[in-house]
Structure formats: structure tokens, C-alpha cells
Amino acid sequence: MQADRVYLSEIYSAIQGEGLLVGARQIFIRFNICDLRCAWCDTPESLVKTRDCNVEVDAGKREFESILNPIDIQHIPSYISRLNPALHHSISFTGGEPLIQYQAFNKLITAIRSVTDIPLFLETGGHKPDALKKVINHFDFISMDFKLPSSAKAGNYFVEHKEFFICALDFNKNLTIKIVVTSDTDMNELADSIEMVKNVSEKYENKPVIFLQPVTPINGTKPPNELELLKLQSKMIQKYPYVRVVPQVHKLIGQR
Ligand code: SF4
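These numbers were taken from a predicted model, which means no experiment stands behind them. (Residues numbered from 1 in each chain as written. Predicted model: local features only at pLDDT ≥ 70, side-chain atom pairs only at ≥ 80, totals over all residues. Heavy atoms only, no water.)

J.: So, the site of the ligand: which residues are in play, and what are the values?
T.: The local shell around the ligand consists of C34, L36, R37, C38, W40, C41, T43, L47, G96 and K147. For the shell around the ligand, the class distribution of residues is six nonpolar, two polar and two charged. (Near = heavy atom within 4 Å. Nonpolar A, V, L, I, M, F, W, Y, C, P; charged D, E, K, R; others polar.)

See below:
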């Protein structure tokens, strides 16, 4: 079933602050609704359906128009156009959890493609493999999370992450993995995740990079200290060499 409308929080132009595309200018489409409740969530307004979506009027000027949810997909190309897609590397589908509204993606992406052909980037919790399979062909880049129970405190999604990971590798997407680490991160959970990535990706030519992201302090959640981070990374790269440590750069430059 195709949906004609979507629940969104924001459409705006910003600098990507995480992972592989850090520093790239993107148009962000932030979806409403998430079924997780991570300890460090910095978009609490996107966890549920909001009355309005804030749509930036001019790229990077931070003047917003309020549009009533759910938004008619046919109106979205005009919101994208006025942000000047040519200025941007790609469009990020983020959230919330964008894959919860995957039934709107075909129409939404067809609508977006009427005004721009810049790459599409999916930022997801990585726990909805069935939804991913239905829409993966649309995306050029995928960033999936591995939510460690000890740090996210949002349940154990190891089985779902594995299925999601295999699906993305099968489609040969530009896949990266984000693992947020905190002072509570359990080394064994992290090691199990890295082991799984190593074992599954053995038969694939493109090895995904894992980004260990020290949590930005929020809600009492703290990042590992310098020594802990160095220890975490050195233990992990002995198992799998493609492990980098990158914090949320957009927070460092004062961008929300
Ligand atoms: S998956 Fe993202 S949006 Fe959902 S609770 Fe976790 S951090 Fe927040």
C-alpha cells in the first residue's frame, strides 16, 4: 500500500555532522515517529507525530514555515526546490525512524526526483530489515546504527541489525555503521558486534567502515574518557581494521 502523506518534523539545509559524509552539505528530511527510546536521543520532538513540520524557507537562513502534518507528498518538491538542491551533496532521510513510514517512500522519492537527482542518504536505527528490503533500491548511501543495549538502553536488536546489515551488503550500497559509545558501553557487546561485522562482510569486497561515535553528553549520559576510547578502538581494530572514532561534529560547530 502506498501512502500519499507523510508525518515530518523538519525539512532544512545543514552540514552533516556524523560518519562518512561528515562536512557535506545536505538537505535533511526529518521524519516523525520512532519506536526506540535511546538514552542519548537528541531529537525527542521527532519520536511521535507532531502537529506541524518546520520547513526552512531559504537554505541555511533558519527561517521556517510551519506546515500541518501529515504533509501531502505532492507539495514536497517545492519545499526541496527552494533550498537549492544544487548547493547540496545529498538528501538525508533521517528521524525519528524514517523506515517506519517506508510505504510513503516510492511516491516521495518519485516526487523528489522531479526536481533533483542528487544522491539519497538513509540514516536509520538499522532495526527494520523488512522495511529496508522494500525501499533499499532508492538509496545511494546508508548509515545504520548498532544499538548496544548497555549504551542505548533501548533493548537488544542484534538479530535485526544482522539481517539489515546482510541486506544492505547484498545490494552493494555505500553502507556505514554507527555505534554510539558511552561510559557505560560493555566491551563484550561491542566486541560481539564487531565480530559479526567481520564475519558477515568477509565474502563481500566492500568492507563497511564502523564509526564509533562518543556520545554527546545528554540526559546524564557521558562519553568514554580519552583512555577508554583509545582502548575501545585498539581492541576493535585488532578484530576489524575499519574502525574510526568521530564525534558529532555538527554539535562542535554549534549547529543543532
Ligand atoms: S533511534 Fe534515533 S530518533 Fe529513535 S530514539 Fe534512538 S536516537 Fe532517538
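J.: Talk me through the sheet that holds strand β7 (residues 90-94); I want residue IDs and the actual numbers.
T.: In a beta sheet, neighbouring strands are held together by backbone hydrogen bonds and run either parallel or antiparallel to one another. In spatial order, the strands read β5-β4-β2-β3-β7-β8-β9-β10-β11-β12; together these 10 strands make up an open sheet with mixed pairing. Whereas interior strands pair on both sides, the edge strands pair on one side only; in this sheet they are β5 (64-68) and β12 (243-245). Neighbour-to-neighbour, the strand axes of this sheet turn through a mean angle of 25 degrees, independent of strand direction. Of the pairings in the sheet, the one linking strand β2 (residues 8-15) to strand β3 (residues 25-31) comprises seven bridges and is antiparallel in character. (Pairing = 2+ DSSP bridges. Helix = DSSP H or I, 4+ residues; strand = E, 2+ residues; numbered from the N terminus. Axes fitted to C-alpha atoms, helices over the stretch in contact; angles between N-to-C directions.)

J.: I'd like to hear about the packing of helix α5 (residues 158-170) against helix α6 (residues 187-201), residue by residue, with values.
T.: In a packed pair of helices, the relevant descriptors are the angle between the two axes and the axis-to-axis distance. Two elements in contact, α5 and α6, have axes whose closest approach is 11 Å; the angle formed by their N-to-C orientations is 30 degrees. Here α5 lies roughly parallel to α6, going by the angle between them. Relative to α6, α5 is oriented so that their crossing is right-handed. Here F158, H161, K162, F165, I166 and L169 of α5 lie close against α6, whose contacting residues are D192, S193, M196, V197, V200 and S201. Grouping the constituent residues of the contact of α5 with α6 by class yields seven nonpolar, three polar and two charged. (Parallel < 35°, antiparallel > 145°, perpendicular 65-115°, else oblique. Left-handed = near helix turned anticlockwise from the far one by under 90°. Contact = heavy atoms within 4.5 Å.)

J.: Go over the nonpolar core with me, naming the residues and quoting the values.
T.: One finds F93 and I179 to be the most contacted residues of the largest nonpolar core, which totals 60 residues. Top element by residues in this core is α6. It accounts for six residues. With sequence-adjacent residues up to four places away left out, F93 is seen in contact with I29, F31, P98, F105, L108, I109, I112, L120, F121, L122, E123 and F139. With 11 residues, the next largest nonpolar core counts L47, A152, A154 and V215 among its residues. (Core = buried A, V, L, I, M, F, W, Y, C linked by side-chain atoms within 4.5 Å. Buried < 20%, exposed > 50% of the residue type's maximum accessible area, 1.4 Å probe, protein only.)

J.: Explain the side chain of E18 residue by residue, including any values.
T.: Structurally, E18 can be placed in the loop between β2 and β3. Within the structure, the side chain of E18 is placed 3.5 Å from the side chain of Q213, a separation counted as a polar contact. (Polar contact = N/O pair within 3.5 Å; in protein donor to acceptor, adjacent residues only side chain to side chain.)

Interpretation note: all reported values are geometric properties and have no functional meaning in isolation.
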